[in-house]
Amino acid sequence: MTVLSVKGLTKSFGGPKVVDNVSFALEAGEMLALIGPNGAGKSTCFNIINGQLSRSAGEIRILGVDTSGLDPSRIWRLGVGRTFQITETFLSMTVIENVQMALFSHHRLLTVWRKPARHFHAREAEALLDLVGMAEFAGRPCRQLAYGDLKRLELAIALANEPKLLLMDEPAAGMAPRERGELMSLAARIAKTRAIGILFTEHDMDVVFEHADRIMVLNRGVLIFEGLPEAVRRSAEVQAVYLGAGTLYAESHA
Amino acid sequence: MNFYLVQFLAGLASAASLFLVSSGLSIIFGVTRIVNFAHGAFYMLGAYVAYSLTERLSGALGFWGGIVVAALVVALVGALLEMLLLRRIYRAPELFQLLATFGLTLAAEDLSLLIWGPEDLLGRRAPGFRGAVDVMGLPFPSYDLFLIGIGPLVLLLLFLLFRRTRWGVLVRAATQDREMVAALGVNQKWLFTSVFTLGVFLAALGGALQLPREAVTHQMDLRIITEVFVVVVIGGLGNVVGAFLAAILVSELNAFGILIFPKISLILVFLVMALVLVIRPMGLLGKAEGPTRAHASAAAPWRPLDGSVRLLVMAAVILAALLPFAAGDYALSVASELLIFMLYAASLHFLISTGGLVSFGHAAYFGLGSYGAAIAVKSFGAPMLAALIAGPLLGCLGALLFGWFCVRLSGVYFAMLTLAFAQIAWSVAFQWNAVTGGDNGLLGLWPAAFVATPARFYWLTLALVVPAIAVLRLIVFSPFGYAFRAVRDSQLRSAAIGLDRQPIQWASFVVAGTFAALAGALYTFSKGSVFPDNLGIPLSVDGLVMVLLGGIETVSGGIVGALVFKALSIWLTSQTDYSKLALGALIVALVVAFPKGIVGAIEGLGGRKVRP
């Protein structure tokens, strides 16, 4: 099943095109990495898909639904989970309350005002925390967590609405090398067992080549390569973008 | 036709001072990110000092020199205050900054009372601009023509200052990115002090220039600051040209509003402001700000009361219910008032602590409740119980209307807009004589016969206030309350889990407004009267001080804060004529030295005991 399809996505902030005619599709249970040098347009691409930015042109379908004009909260309701490059959590709450909050929203309990929140979905929240290995921290104030644990908490929050698509913006950024591997293995395992499609960006190539089923390479807004990790490794074009091939001047003089 | 032209010119003349004060506020905000509430006080001081100087100095040079020296003197006072006080609170939350500068305003009012006495002072006419000139057959004060020229002149000078001097470049750079300017090795402290001094100079000059036009009074400060807030909300905070255009717009709306709605001239300004906010929430020339990142709170996560504290609270309620057997009539009426203000503070505390929405106009809903109840009795002959429903209903409607606009903004913009709405509600109550009784208020609103004794009225109050506060607490810990807190904690995360900020905040705003209105309706019958003061800025600020005193990061600190504050202020008023001075000093001291509040401090102690 195709969970995300992008066709001809284009974005300019008034000047040159930051994202230029990008098309791709993501299947359920697949981990797709979006890589590229700084300024390639990865984050822009990402923020258009999650609804934070508007697009200049192109079509995005999530589970078959056209997302044009939908804001982040509507897109979330389609079944999209999301983690941030710099974690965003509710720092005044405990760990389990963070997950419960997402569950309240998912189960449409936001207008309930007469009953204490702790009565709702505590067990479901515990199960999610257990899934990401955070069960022992459930009662901790969120602001006391180490950064790696915050990242895992974000993953639990992102899974609360039983998403079919998970958007992870640099999931391993700011973590220690061992933690990175663990987090990505966890994400990969969850993606397979729950048939969730994961789109992620990443700078750490070890993480990318170990966990991605497929890799897309973006450079200056253009998708220059797409394929299996081995093929990406061998591609001369990708090597030129990442390592430099001395073609920069030749191009600009042409 | 000629009449309209004269009216238009009069509007332009009024715009001059408004622009001077607004641009000063805008420049200070641009660099320091502080909305200086005391700007109205500096405006007032400018007028007072100019009065004293021009009365002593003779001749044209004496007058004009007096005006300029007055602005310089007040600017110097401003510089000293910046160094002594503001430097300590640049990193504090915006509520603290607004409150501290409001504390200065209160102190300034009483100080000017001490120095210049209670009478309105009429200044000298400006030499060279005493008469009137003929404008298409109608006389027009020549001083007003001079003022019309002043606005553009100051705009031009500011433009040159910011474009042609090194200092101006630094100010513009700091307005865009403070950290970067600091990283480049610029001495931030002096940049901030100099910017603040310039802003205060402009405000004081605006006040001094009003001297030949109007009497100098103690009410000048709050009147101008409301208009200034409207101007910067319309023009865009931090933008001097926006302030210029909006000052003209607001002044013209005032000038012509009087012709269209002679009684309620502010309505026109309100309508235009509402329109601007719907189309451009960041103001005509303001820039939209990106989503703010999650902020950490230092307090422990909130918990419902545990067993022992719950017993303690129940014991306190039972004791309170037994009070009429021990206390006399006066004590009981004071106790009723304390209860009413506990509910008022609790409703504001809910907005601020749970939702991070700092309302500077919460008295509007208290007052709407008061007037709703009073009007139900006076105009419709309703019995007391019906009036106790009508009051909260009116407050609820007011919060629905005003809240819809307010939640479109956030941070200081939200604070300024709530204040502006409260002032509009106040001026309606003040001017709509036929219904509200205007300045004289509505009198003779006594409780129904079955609660006519102070003891019975006290029981009625207790029976309404305690459940109301309990409901507020219930909401805080409900899924809805969590959602309200979530949109405060992190905009990005809450959007990413399907929470819509505006409807959640709007609903909470209405809840808070309705409970405040219930307090207001009870207040009507406890006092037997209503006055425009019930929706005034001082009452709004009293509420903020109660919340701050109780502790912002607590669940129900406002209740304790209300108790302490109200008791303290009843005692203060009986002890001194200068209670505003004392209150102002208290606010400043609280913000600087005791930011956690009473309950916050107690919780801090408790926390240490648990984890030695």
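Residues numbered from 1 in each chain as written. Chains lettered and ligands numbered in written order. Predicted model: local features only at pLDDT ≥ 70, side-chain atom pairs only at ≥ 80, totals over all residues. Heavy atoms only, no water.

Caption draft 1: Looking closely at the packing of helix α1 (residues 2–32) of chain B against helix α10 (residues 240–260) of chain B. All names here are of chain B. Running from amino to carboxyl end, α1 crosses α10 at an angle of 140°, the nearest separation of the two axes being 7 Å. Classified by the angle their axes make, α1 and α10 are oblique. Seen from above, α1 lies across α10 with right-handed handedness. Residues that form the contact of α1 with α10 fall into these classes: 17 nonpolar, 6 polar and 1 charged. (Axes fitted to C-alpha atoms, helices over the stretch in contact; angles between N-to-C directions. Helix = DSSP H or I, 4+ residues; strand = E, 2+ residues; numbered from the N terminus. Parallel < 35°, antiparallel > 145°, perpendicular 65-115°, else oblique. Left-handed = near helix turned anticlockwise from the far one by under 90°. Nonpolar A, V, L, I, M, F, W, Y, C, P; charged D, E, K, R; others polar.)

Caption draft 2: Structural detail: the packing of aromatic side chains. A complete count under the given rule lists 32 aromatic pairs over all chains for this structure. Summarising the aromatic geometry, the rings of Phe42 of chain B and Phe196 of chain B are spaced 6.3 Å apart at their centres and angled 85° between planes, so their arrangement reads as edge-to-face. On the criterion of sequence distance, the pair formed by Phe42 of chain B in helix α2 (residues 39–56) and Phe196 of chain B in helix α8 (residues 188–209) is long-range, its members being 154 residues apart. Residues Tyr90 of chain B and Phe192 of chain B carry aromatic rings whose centres are separated by 5.0 Å and whose planes lie at 85° to one another, so their mutual orientation is edge-to-face. Of the two residues, Tyr90 of chain B sits in the loop between α3 (59–89) and α4 (94–116) while Phe192 of chain B sits in helix α8, which places them 102 residues apart along the sequence. Residue Tyr90 of chain B is classed as buried on the basis of its relative accessible area, which comes to 14%. One aromatic cluster is present, formed by Tyr365, Phe402, Trp404, Phe405, Phe414, Phe421 and Phe509 of chain B through successive ring pairs. Across the ring face of Phe209 of chain A, the terminal group of Arg233 of chain A is positioned such that the distance to the ring centre comes to 4.5 Å. (Phe/Tyr/Trp six-rings, centres within 6.5 Å; stacked < 30°, edge-to-face > 60°. Buried < 20%, exposed > 50% of the residue type's maximum accessible area, 1.4 Å probe, protein only. Lys NZ or Arg CZ within 6 Å of the ring centre and 35° of its normal.)

Caption draft 3: The arrangement of the domain arrangement of chain A in detail. Residue and element names in this part refer to chain A. What the domain assignment lists for chain A is domain 1 (2–79 + 163–253) and domain 2 (91–162). Summarising the inter-unit geometry, the C-alpha centres of domain 1 and domain 2 are found 27 Å apart. Considering only the side of domain 1, the residues that lose the most area to domain 2 are Trp76, Arg77 and Pro163, jointly responsible for 37% of the buried surface there. The tally of links from domain 1 across to domain 2 stands at 0 salt bridges. Between the two partners, domain 1 and domain 2, sit 4 residue pairs in polar contact (both at pLDDT 80 or more). A total of 5 residues in the side of domain 1 that touches domain 2 trace back to one element, the largest contributor, which is helix α6 (residues 177–194). (Domains from an automatic or database assignment. Buried area = accessible area lost by both parts, 1.4 Å probe. Salt bridge = Lys/Arg side-chain N within 4 Å of Asp/Glu carboxyl O. Polar contact = N/O pair within 3.5 Å; in protein donor to acceptor, adjacent residues only side chain to side chain.)

Caption draft 4: Main features of the sheet that holds strand β8 (residues 197–201) of chain A. All names here are of chain A. The mixed open sheet is built from 6 strands, whose spatial order is β6-β7-β8-β3-β9-β10. Of all strands in the sheet, those with a lone pairing partner are β6 (80–83) and β10 (222–227), marking the two edges. Each neighbouring strand pair of the sheet contributes to a mean axis angle of 15°, computed without reference to strand direction. Judged from the 4 bridges that link them, strand β3 (residues 31–35) and strand β9 (residues 214–219) form a sheet pairing that is parallel. Across the sheet, Ile35 pairs through a bridge with Val217, a residue of β9. (Pairing = 2+ DSSP bridges.)

Caption draft 5: Broad picture of the pattern of salt bridges. Residues and elements named next belong to chain A. Taken as a whole and judged by the stated rule, the model has 16 salt bridges over all chains. Residue Asp66 is joined to Arg55 by a salt bridge in which the shortest nitrogen-to-oxygen separation is 4.0 Å. Pair noted here: Asp66 is in strand β5 (residues 65–66) and Arg55 is in the loop between α1 (42–49) and β4 (57–62), with a separation of 11 residues, a long-range link. Residue classification places Asp66 among the partly exposed residues on the basis of a relative accessible area of 34%. Since its relative accessible area comes to 18%, Arg55 is described here as buried. When salt bridges with common partners are traced through the structure, they connect Glu30, Arg214 and Glu226 into a single cluster.

Caption draft 6: Quick look at the interface of chain B and chain A. Listed by partner, the interface residues are 35 residues for chain B and 38 residues for chain A. Taken together, both faces of the contact between chain B and chain A bury some 3,100 Å²; the carbon and sulfur share is 61%. Three residues stand out in chain B for area buried against chain A, namely Pro479, Arg493 and Ile497 of chain B, and they jointly supply 23% of the buried area on that side. Where chain B meets chain A, there are 2 salt bridges. (Contact = heavy atoms within 4.5 Å.)

Caption draft 7: Just the domain arrangement of chain B, in detail. Residues and elements named next belong to chain B. Partitioning chain B into domains gives domain 1 (9–123 + 135–279) and domain 2 (330–610). Taking only C-alpha atoms, the centre of domain 1 and the centre of domain 2 are 30 Å apart. Taken together, the contact pairs 40 residues of domain 1 with 40 residues of domain 2. Between domain 1 and domain 2 the total buried area reaches about 3,700 Å² when both faces are included, carbon and sulfur atoms providing 85% of it. Interface area lost by domain 1 to domain 2 is led by Leu95, Phe96 and Leu99, which between them contribute 16%. If you look at where domain 1 meets domain 2, you find 1 salt bridge. Counting across the interface, domain 1 meets domain 2 through 4 residue pairs in polar contact (both at pLDDT 80 or more). Contributing elements (two or more residues each) for the side of domain 1 that touches domain 2: α3, α4, α9 (220–235) and α11 (266–279).

Caption draft 8: Just a nonpolar patch on the surface, in detail. All names here are of chain B. On the surface, Phe3, Tyr4, Ile258, Leu259, Ile260 and Phe261 cluster together to form a nonpolar patch covering roughly 560 Å² of accessible area. Among the secondary structure elements, those contributing two or more residues to the nonpolar patch are α1 and α10. Looking at the nonpolar patch element by element, the count peaks at 3 residues for α10. Position of Phe261 relative to the elements: it lies in the loop between α10 and α11. According to the relative accessible area criterion, Phe261 is partly exposed, its value standing at 34%. (Patch = residues over 30% accessible without salt bridge, like charges linked within 9 Å, V, L, I, M, F, W, Y side chains within 5 Å. Areas by Shrake-Rupley, 256 points an atom, 1.4 Å probe, with all protein chains shown as cover.)

Caption draft 9: Just the pairing of strand β2 (residues 17–27) of chain A, in detail. Residues and elements named next belong to chain A. Bridge count between strand β1 (residues 2–12) and β2: 7 bridges; the pairing is antiparallel. Note that in β2 the partner of Lys11 across the bridge is Val19. The antiparallel hairpin formed by β1 and β2 contains 4 residues in its connecting segment, where Gly14 sits at a positive phi of about 95°.

Caption draft 10: Region of interest: the nonpolar core. In this structure, Met101 and Leu153 of chain A together with Phe19, Phe37 and Met273 of chain B are the most contacted members of the largest nonpolar core, which totals 266 residues. In terms of residue count, the dominant contributor to this core is helix α13 (residues 329–355) of chain B (14 residues). What Met101 of chain A contacts, discounting residues up to four positions off in sequence, is Phe90, Met93 and Leu110 of chain A together with Pro479, Tyr482, Ala483, Ala486, Ile497 and Leu499 of chain B. Listed in part, the 24 residues of the second largest apolar core include Leu34, Ile48, Ile49 and Leu199 of chain A. (Core = buried A, V, L, I, M, F, W, Y, C linked by side-chain atoms within 4.5 Å.)

Caption draft 11: Geometry of the environment of Gly444 of chain B. Residue and element names in this part refer to chain B. The residue Gly444 is located in the loop between β3 (442–443) and α18 (454–476) in this model. A residue is classified by how much of its surface remains accessible, and Gly444, at 46% relative accessible area, is partly exposed. The spatial distance from the C-alpha of Gly444 to the C-alpha of Gly528 is 5.4 Å, given a sequence separation of 84 residues. Excluding anything up to four places from it in sequence, Gly444 contacts Lys378 and Gly528.

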